[in-house]
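This is what each chain is made of:
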Amino acid sequence: MHLDDNGYKVYWSNGCQITEPHDKGIAKCIAENQAPWEGFYDSIDTQLGSSLISDPTGAVDRAYFAAISERFCWHREANKESRTKIVFTPMHGVGKVWAEKAFDAFNLPMWIGVEAQLEPHPDFPTVPFPNPEEGQGALKLAMETASKAGARVIIANDPDSDRCAAAELQESGEWKIFTGNEIGILFAAWIWEHYRTAHPDVEPSKCVMLNTTVSSKMLASMAEHEGFKYEETLTGFKWLGNKADQLIKEGYHFLYAFEEAIGYMIGDISLDKDGIRAAPVFAEMASTLNNKGMSVTQYLYELYAKYGYHATQNKYFFCNDPAVMQAIFTRMRNGGQYFPAAGPFKIQHIRDLTTGYDSRVEGGKPVLPVSTSTHMITFYFENGTVATLRGSGTEPKLKYYCELAGKQQSGSDSGDSGSGSGEAERAAVRKELNDVVQAIIADFLQPQANGLLPP
């Protein structure tokens, strides 16, 4: 990681990132033990040579890749004959070796690497910002590599390899960079289809998938259609992981969880997002679909036809003054008399996870945890739009996540670009959502008056 981003995650005994009250307890212990123990540094070499210390990396490595191969590789024999060329980049991070092992575990032909980005480098010299979620800028070298190699699929990990992005070349010659929500739904459908085939005797109602409250509710539509259990959590995999752990202990078969920020937790091998096991699953999906004469994009349109198209707009403004952030959310709360509309679009319900209010629930108390340390308000509009506005906990950003679901379509489209009859319906949904978003920005955020800057 870049020196400005150095940090670490802390996990509890259940293998999940810590939540309250463990975080406060650990912080208290750290504060009470600021000075190293006497003689600690002198004894490091002695400790490392002790028979009580072992390096489990090799054993964990073998067990991990055996597990993902056994549980999530569904087309092993076909994989070795795959003609789908895939470009991979670890974005100057640690993923190269592990992505190689992951493709080997799935019996997939080895990916084509972006040479300039394969080895770890703390300054990330070839990208302005080393996050594949940033899109064209971050994937520029990968697209150039793919063009030279004749590859139609790109897979990218972020530097610490816990996130996974993907893109596919369209018939038009343009690249479609899948959003985190699109990849999330693709994985959900792929996993569900193959789990049901492998476990036909398991009741769908005993299976569960999760995502965060700012991620696409197309997963909820899928759950309603297929009969499996769906739940949402607060943003972040500390919440998704702990919720999965809870549901597993309650007897559910946990299959999958995702967040819109290209984070995916496939199965319960580890209860956190993992870009390494996501990469070969996406590669196998693309290869299998290609063998059937179908692109990943076409598969996505089939899912829209089956479960309904869900348009999303997830963006942010820079807000460098905490006082301005506070003032914006205070104005939206309006002393508890929340605004009834944004422009011409009427608001039906409001959930405020900062103050602890949800008008949809009897008694007004939210189901999700409440935190006074961060701002987070969700508006439910009469036209079906759901818009969540929140302050980032790590960056000077005011983020908004907006979604509007269309109707299920009677048929699928032809062509990668979705140029069939369903595209007109999708375009109408996108336009209506954009109109709501612009009203929210104008009425609630007021960027010019508040000095908010676009990315």
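Structure first, text after, so check above.
Keep in mind the model is a prediction, meaning the values are calculated, not measured.

For the coordinates displayed, the defined rule picks out 18 aromatic pairs. Centre to centre, the rings of W190 and Y299 are 6.4 Å apart; their planes meet at 85°, and the pair counts as edge-to-face. A residue pair is termed long-range when its members are at least 10 positions apart, and W190 in helix α7 (residues 180–198) and Y299 in helix α11 (residues 296–307) qualify at 109 residues. Judged by relative accessible area, which is 2%, W190 ranks as buried. The class for Y299 is buried, based on a relative accessible area of 7%. A network of ring pairs unites the aromatic residues F178, F187, Y256, F258, Y264 and F282 as a single cluster.

Glancing now at the packing of helix α5 (residues 95–105) against helix α10 (residues 275–291). Viewed as axis vectors pointing N to C, α5 and α10 meet at an angle of 45°, and their least axial separation amounts to 9 Å. Of the possible angle classes, the one that applies to α5 and α10 is oblique. The way α5 lies across α10 gives a crossing that is right-handed. In contact with G95, W98, A99, A102 and F103 of α5, α10 contributes I276, A279, P280 and A283. Residues belonging to the contact of α5 with α10 are distributed by class as follows: eight nonpolar, one polar and no charged.

Take the packing of helix α12 (residues 322–333) against helix α13 (residues 422–445) next. At a minimum axis separation of 10 Å, α12 and α13 run at an interaxial angle of 100°. Judged by the angle between their axes, α12 and α13 are roughly perpendicular. Taking contact as the criterion, the partners of I328, R331 and M332 in α12 are, on α13, D443, F444 and L445. Each residue belonging to the contact of α12 with α13 can be placed in one class, and the counts come to four nonpolar, no polar and two charged.

Counting through the fold element by element, S216 comes out in the loop between β6 (207–212) and α8 (218–226). For S216, the side chain forms a polar contact with the side chain of E403, separated by 2.6 Å. Beyond its immediate chain neighbours, meaning those up to four positions away, S216 contacts N181, N211, F258, H310 and E403.

Moving on to the nonpolar core. Residues I155, F187, Y256 and F282 are the most contacted members of the largest nonpolar core, which totals 111 residues. Residue contacts for F282: discarding those within four places in its chain leaves V153, I155, A166, F178, I183, L186, F187 and V296. Membership of the second largest hydrophobic core comes to 12 residues, among which are A244, Y252, A257 and M265.

Moving on to the pattern of salt bridges. Overall, the coordinates contain 27 salt bridges when judged by the stated rule. Between K9 and D272 there is a salt bridge, and its shortest N-O distance comes to 3.8 Å. Taken together, the positions of K9 in the segment before α1 (22–32) and D272 in the loop between β9 (263–266) and α10 put the pair 263 residues apart, joining distant regions of the chain. A relative accessible area of 37% places K9 in the partly exposed class. On the accessibility criterion, D272 (6% relative accessible area) is buried. The salt bridge involving E231 is made with K229; its shortest N-O contact spans 3.2 Å. The network of salt bridges with common partners includes K9, D162, D272 and K273.

A separate point is the environment of S43. For S43, the location among the structural elements is in the loop between α1 and α2 (44–48). With relative accessibility at 22%, the residue S43 sits in the partly exposed group. Remark: the alpha-carbon pair of S43 and Y304, spanning 261 residues in sequence, is separated by 61 Å.

Strand order in the open sheet formed by four strands is β7-β6-β8-β9, and the pairing between neighbours is mixed. Only two strands of the sheet have a single partner each, and these edge strands are β7 (229–233) and β9. Strand-to-strand, the axes of this sheet are offset by a mean angle of 15°, without reference to chain direction. In this sheet, β9 lies alongside strand β8 (residues 253–259) in antiparallel orientation, the contact comprising four bridges. Bridge pairing in β9 links A257 to M265. Those strands touched by α7 are β6, β8 and β9, and its axis lies near 165° from that of β8.

The subject of this paragraph is α5. Every buried residue belonging to α5 is among G95, A99, A102, F103 and A105, and all of these are buried. The buried residues of α5 occupy one face: seen down the axis, they fall within an arc of 155°. Along its buried surface, α5 packs onto α3 (57–72), α4 (76–79), β1 (86–89), β3 (153–157) and α10. Downstream of α5 by a residue or two, N107 has a phi angle that is positive, lying close to 65°.

Conventions used here
- Residues numbered from 1 in each chain as written.
- Predicted model: local features only at pLDDT ≥ 70, side-chain atom pairs only at ≥ 80, totals over all residues.
- Heavy atoms only, no water.
- Phe/Tyr/Trp six-rings, centres within 6.5 Å; stacked < 30°, edge-to-face > 60°.
- Helix = DSSP H or I, 4+ residues; strand = E, 2+ residues; numbered from the N terminus.
- Buried < 20%, exposed > 50% of the residue type's maximum accessible area, 1.4 Å probe, protein only.
- Axes fitted to C-alpha atoms, helices over the stretch in contact; angles between N-to-C directions.
- Parallel < 35°, antiparallel > 145°, perpendicular 65-115°, else oblique.
- Left-handed = near helix turned anticlockwise from the far one by under 90°.
- Contact = heavy atoms within 4.5 Å.
- Nonpolar A, V, L, I, M, F, W, Y, C, P; charged D, E, K, R; others polar.
- Polar contact = N/O pair within 3.5 Å; in protein donor to acceptor, adjacent residues only side chain to side chain.
- Core = buried A, V, L, I, M, F, W, Y, C linked by side-chain atoms within 4.5 Å.
- Salt bridge = Lys/Arg side-chain N within 4 Å of Asp/Glu carboxyl O.
- Pairing = 2+ DSSP bridges.
- Arc of directions from axis to C-beta.

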